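Below, each chain spelled out in residue letters.
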Amino acid sequence: MAHEDCIFCKIIDGELPSAKVYEDEAVYAFLDISQVTKGHTLVIPKTHTKNIYETPPEVASKLFERIPTIANAIKKAYQPAGMNLLNNNEKLADQSVFHLHIHLLPRYGEDDGFSFNWQVHTDDYSQDDLQQIAKEINEAF
Ligand code: AMP
Ligand code: ZN
């Protein structure tokens, strides 16, 4: 069901314009207005869900099932050298629209507009540290 004041629900309903890439009964895909790289696409479930935490398995399943097909269409259209998938959850993690979306970012080169900035801490964690972290997450299921 459409969520009041959600711009992505309004896009699905046609109340706001979008450049549609793909649509079926469960999923809608359209160009991100920011076009970080050419072909930058957002894939969203038609069921409003705030972010990954609130997404029921059946909604996630249909969403992710479609993504390889959409990625391959972008690949066929523009022959990018690579593609990043990105999903931001909560404000700190740069979520700005609170309707679950997966970014498909075709990559054309190192200076194409998208880059990662993350720190690698491989040397800071022993195998025991990793086992302890995994145990804590296991216990949270
Ligand atoms: P995020 O920061 O992960 O929540 O991403 C939200 C994305 O939605 C941003 O990349 C925006 O450029 C994009 N966006 C916001 N409004 C629209 C819109 N009306 N049509 C297409 N993309 C939008
Ligand atoms: Zn919505």
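Look up: the structure comes first, before these words.
Here is what the cut-offs are and how they apply
- Residues numbered from 1 in each chain as written.
- Chains lettered and ligands numbered in written order.
- Predicted model: local features only at pLDDT ≥ 70, side-chain atom pairs only at ≥ 80, totals over all residues.
- Heavy atoms only, no water.
- Near = heavy atom within 4 Å.
- Polar contact = N/O pair within 3.5 Å; in protein donor to acceptor, adjacent residues only side chain to side chain.
- Areas by Shrake-Rupley, 256 points an atom, 1.4 Å probe, with all protein chains shown as cover.
- Helix = DSSP H or I, 4+ residues; strand = E, 2+ residues; numbered from the N terminus.
- Nonpolar A, V, L, I, M, F, W, Y, C, P; charged D, E, K, R; others polar.
- Core = buried A, V, L, I, M, F, W, Y, C linked by side-chain atoms within 4.5 Å.
- Buried < 20%, exposed > 50% of the residue type's maximum accessible area, 1.4 Å probe, protein only.
- Contact = heavy atoms within 4.5 Å.
- Donors = N, O, S within 2.8 Å, 3.2 Å for Na, K, Ca; no water.
- Tetrahedral: all angles 85-135°; square planar, octahedral: opposite > 155°, others 65-115°.
- Phe/Tyr/Trp six-rings, centres within 6.5 Å; stacked < 30°, edge-to-face > 60°.
- Salt bridge = Lys/Arg side-chain N within 4 Å of Asp/Glu carboxyl O.

Our next topic: the site of ligand 1. Close to ligand 1 lie 16 residues; Asp32, Asp94, Ser96, His101 and His103 are nearest. The side chain of Asn88 places a nitrogen or oxygen atom 2.9 Å from an oxygen atom of ligand 1. Contact with the protein chains hides 82% of the accessible area of ligand 1, taken as 500 Å² for the molecule alone. Secondary structure elements with two or more residues in the shell around ligand 1: α1 (7-13) and β2 (27-31). In terms of residues, the shell around ligand 1 owes the most to one element, α1, which gives three residues. The residue makeup of the shell around ligand 1, split by class, is eight nonpolar, six polar and two charged.

Here the focus is the nonpolar core. The biggest cluster of nonpolar side chains holds twelve residues, and these are Ala26, Val27, Ala29, Val43, Leu63, Ile67, Ile70, Ala71, Ile74, Leu100, Ile102 and Leu104. Put simply, the parts of the chain that give this core at least two residues each are β2, α2 (57-78) and β5 (102-107). Ranked by residue count, the leading element in this core is α2, at five residues. Apart from the residues lying within four places of it in its own chain, the contact partners of Val27 are Tyr22, Val43, Ile44, Lys46, Lys62, Leu63 and Arg66. Residues Cys6, Ile11, Ile44 and Val97 belong to the second largest nonpolar core, which totals ten residues.

The next thing to look at is the coordination of the zinc ion (ligand 2). Taken together, Cys6 (SG), Cys9 (SG), His48 (ND1) and His99 (ND1) make up the protein donors of the zinc ion (ligand 2), found 2.1 to 2.3 Å from the metal. Its four donor atoms give the zinc ion (ligand 2) angles of 104 to 116° at the centre, a pattern that matches the tetrahedral case. In primary sequence terms, the donor set of the zinc ion (ligand 2) follows C-x2-C-x38-H-x50-H.

The subject of this paragraph is the packing of aromatic side chains. According to the stated counting rule, one finds four aromatic pairs in the structure shown. Taken together, the aromatic side chains of Phe8, Tyr28 and Phe30 make up a single cluster linked through ring pairs.

Below, the discussion takes up the pattern of salt bridges. Taken as a whole and judged by the stated rule, the model has eight salt bridges. When the shortest N-O distance is used, the salt bridge between Arg66 and Asp24 registers 2.6 Å. Separated by 42 residues along the polypeptide, Arg66 in helix α2 and Asp24 in the loop between β1 (20-23) and β2 bring together distant segments of the chain. Grouping residues by exposure puts Arg66 and Asp24 together as buried.

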